[in-house]
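Structural characterization, general
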Amino acid sequence: MHKNEALQTYPCSGIEHLKVHGRTTGCLDPVTLFWTGSAVEFNVKASELWIEVESGYDQYEPWISILINSVPVSRQMLTAGRYWVCVFRGMNENAVKNVRIVKDVQAMSGDPGCYMQIHAVKTDGEFVPVEAKPYKFEFIGDSITSGEGVVGAKSEEDWIPMWFSAIHNYTAMTADALNAEYRVISQSGWGVLTSWDNNPHANLPDTYEQVCGLLAGAKNTALGAFSANDFDSWQPDVVVVNLGTNDDGAFHSPGWQDDVSGKIHNQRLNDDGTYNEADLAAFELAVEKFLLKLRTNNKTAHIIWAYGMLGIPMMPAIHRGVDRYAKRTGDKKVSVFQLPNMTNETIGARSHPGVLAHKQAAQELTGYIQGILATYKLN
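Described in the following lines is the structure provided in the data block.

A word on the packing of aromatic side chains. Under the defined criterion, the tally for this structure stands at 12 aromatic pairs. For the pair Y10 and F127, a centre-to-centre distance of 5.4 Å together with 85° between the ring planes defines the contact as edge-to-face. With Y10 in strand β1 (residues 8-11) and F127 in strand β11 (residues 126-128), the pair connects residues that are 117 residues apart, well separated along the chain. F127 sits in the buried class, given a relative accessible area of 9%.

Right, here's the structure in full:
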C-alpha cells in the first residue's frame, strides 16, 4: 500500500483558519461538538486529509457527514474510541478544498455517555482562510429541527441516531440559500412549556442560556456543557423558533408524574376536545417568557416563531403569546411564520417530515427571511 510520507499532524489549535460551527466552550484541544449541525470547517490545499475523532456513548452513537466544497460526500456512524478517519485522498494537490465535518445527530439528553470530539487533522498540504459569511442564523426546535426521520424508509419506526440528518434539513438548506452561518438548538420530544409526554423539565427555554444544558452526567459536566453560553461572541441576525408541536402532543398524552415530588403534570383537554383554557394560557405565557429570554440574549436579531410542518393546532395560542410579548415590550422585530405542512408525498421515516418537506419549508422560510433582511438592511 502506498503511504503518503508528506502527511503532517496538526492539533485543532494548530490549524490556521479553523472555523468551529455551533455552540462551544471555546476549547480547541479537542473541539467538542455538542449540537446537531455543529461542525469544524477549513479550506485546505492538499491531496489527502484525515481527521482524528473521539466518540463515546452508552446507547446513542454520534454520526457525522463530510462535505467537500459544500457537497455531502460521506456519512458514517462513529463507533466508540479515538481513531483516524480518512476524509479524502488522491485529489488534486493544487486545488483548494472547503471541508466541513458536521455532527449529524442532535445532543442526546437521554444518553449521559454520548459525546463527540475532533482532536486533530493530518494532511500533506496547507490551510488557507475561510471566507466569512454575511449573516448568522440560530434555529431552535424539536425533532423536526433535529432532522429526525429525514434519513430512512417511510416504514422505519426505530428511534435511533441513524434516521437523523443535520444537512438534509430545513436549517442547513435555509442557511445555505442565504449564505449564512448557522447554529441549531434542538431536541426531539421537547417543547416550550413541556415535552410531548407532559414532562415540565423537558423544555428548551430552561437550558437556553447554557452551552448545552439539556445534557446530563459527569462527562458532559467536565466538557463544559453546563457553562454559561457566551452570547457576546456570536450574535445572530435572525433567530427562528420552531416549537409547539410537542406542546400540542402533551394535551393528547397521559399525565407525567414527578418521581421526586409525586406531583402529576398534565396539559388537559375539555370534554368536547378543546384545550383547557388555564393550560393553554400556561403555554402562551411560556411563549411570551421565552421571547423575553431570547431578546435579552440576542439584542438585535429578528425573532421568527415558525410553526406548522406537522399541523397548526397551536397557531392561535402562539399568535396570542407573541402578540402579548410585542405589545408589552414594544419589540417590533418579532413575527410569526407558518411553515408548509408535511404531506403523504413529503413524509419521511418515523412519521416525520422527509427531505422534500424540509426543502419546501426551507424554500418558503428563505423567501420570508430574505424580506426581513432587506427590510432591516442587515449586513
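Next up on the list: helix α7 (residues 355-376). Its 22 residues place the ends of α7 31 Å apart at the C-alpha level, agreeing with the 32 Å of an ideal helix rising 1.5 Å per residue. Taken together, the buried positions of α7 are A357, H358, A361, A362, L365, T366, I369, I372 and L373. Taken around the axis of α7, the buried residues stretch over an arc of 160°, which confines them to a single face. Structural note: α7 exposes Q363 and A374 on the side pointing more than 90 degrees away from its buried face. On its buried side, α7 packs onto β12 (135-141), α1 (170-177), β14 (238-242), β17 (302-307) and β18 (334-338).

Looking at the element boundaries, D258 is found in the loop between β15 (256-257) and β16 (264-265). Spatially, the C-alpha atom of D258 lies 8.1 Å from that of N199, the residues being 59 residues apart in sequence. Setting aside residues no more than four positions away along its own chain, D258 makes contact with H201, K263 and H265. Engagement of the side chain of D258 in a polar contact is seen with the backbone nitrogen of S261, the distance being 3.4 Å.

This paragraph deals with the pairing of strand β13 (residues 180-186). Burial analysis of β13 places seven of its seven residues in the buried class, the great majority of the element. The pairing of β12 with β13 spans seven bridges and is classified as parallel. Bridging from a neighbouring strand, K136 pairs with E181 of β13. Read as a crossover between parallel neighbours, the route from β12 over α1 to β13 is right-handed.

With six of eight residues buried, α1 lies mostly within the body of the structure. Of all the residues in α1, the buried ones are Y170, T171, A172, M173, T174 and A175. Contact partners of the buried residues in α1: β12, β13, β14 and α7. Phi turns positive one or two residues past the end of α1, at N179, with a value near 55°.

The next point concerns the pattern of salt bridges. Using the criterion set out here, one finds 11 salt bridges in the structure. Across the salt bridge formed by D104 and R75, the nearest N and O atoms sit 2.9 Å from each other. Taken together, the residues span a long stretch of sequence, with D104 in the loop between β9 (96-103) and β10 (115-123) and R75 in strand β7 (residues 71-77) at a distance of 29 residues. A relative accessible area of 30% means that R75 is categorised as partly exposed. Note that E288 is salt-bridged to R328, the shortest N-O span being 2.9 Å. With E288 in helix α5 (residues 277-297) and R328 in helix α6 (residues 315-329), the pair connects residues that are 40 residues apart, well separated along the chain. You can call E288 buried: its relative accessible area is 4%. For R328, a relative accessible area of 62% translates into the label exposed.

Counting 42 residues, the largest nonpolar core has I140, C212, V241, F290, L291, L294 and W305 as the members making the most contacts within it. For this core, the elements supplying multiple residues, two or more each, are β14, α5, β17, α6 and β18. For this core, the element with the highest residue contribution is α5, accounting for seven residues. In contact with I140, other than residues within four places in its own chain, are T145, I185, L204, Y208, V239, V240, V241, N242, L243, F290 and L294. Judged by nonpolar contacts, the second largest core, of 27 residues, contains I304, A306, A357 and A362.

With that settled, the discussion passes to the packing of α5 against α6. Taken N-terminus to C-terminus, the directions of α5 and α6 make an angle of 45°; their axes are 8 Å apart at the nearest point. In this view, α5 runs oblique relative to α6, as classed from their interaxial angle. Regarding α5 and α6, the two cross each other, and that crossing is right-handed. Listed contacts from α6 to L280, A281, F283, E284, L285, V287, E288, L291, L292 and R295 of α5 are A317, I318, R320, G321, V322, R324, Y325, R328 and T329. Class assignment of the residues belonging to the contact of α5 with α6 gives a composition of 11 nonpolar, two polar and six charged.

Our next topic: the side chain of H302. Turning to its location among the elements, H302 is positioned in strand β17. H302 gets classed as buried once you look at its relative accessible area, which sits at 4%. Sequence-distant contacts of H302, that is, excluding residues within four places in its chain, are made with D237, V238, V239, K332, K333, V334, S335, I372 and Y376.

Here we come to unusual backbone geometry. Across the junction of D29 and P30, the peptide omega takes the value 0°, indicating a cis bond. For P30, the location among the structural elements is in the loop between β2 (19-21) and β3 (31-32). The backbone of S70 shows a phi angle near 70°, a positive value even though the residue is not glycine. Positive phi, close to 55°, is recorded for R350, a residue that is not glycine.

Rules used throughout
- Residues numbered from 1 in each chain as written.
- Predicted model: local features only at pLDDT ≥ 70, side-chain atom pairs only at ≥ 80, totals over all residues.
- Heavy atoms only, no water.
- Phe/Tyr/Trp six-rings, centres within 6.5 Å; stacked < 30°, edge-to-face > 60°.
- Helix = DSSP H or I, 4+ residues; strand = E, 2+ residues; numbered from the N terminus.
- Buried < 20%, exposed > 50% of the residue type's maximum accessible area, 1.4 Å probe, protein only.
- Expected span 1.5 Å × (residues − 1).
- Arc of directions from axis to C-beta.
- Contact = heavy atoms within 4.5 Å.
- Polar contact = N/O pair within 3.5 Å; in protein donor to acceptor, adjacent residues only side chain to side chain.
- Pairing = 2+ DSSP bridges.
- Right-handed = clockwise from strand over helix to strand, strands pointing away.
- Salt bridge = Lys/Arg side-chain N within 4 Å of Asp/Glu carboxyl O.
- Core = buried A, V, L, I, M, F, W, Y, C linked by side-chain atoms within 4.5 Å.
- Axes fitted to C-alpha atoms, helices over the stretch in contact; angles between N-to-C directions.
- Parallel < 35°, antiparallel > 145°, perpendicular 65-115°, else oblique.
- Left-handed = near helix turned anticlockwise from the far one by under 90°.
- Nonpolar A, V, L, I, M, F, W, Y, C, P; charged D, E, K, R; others polar.

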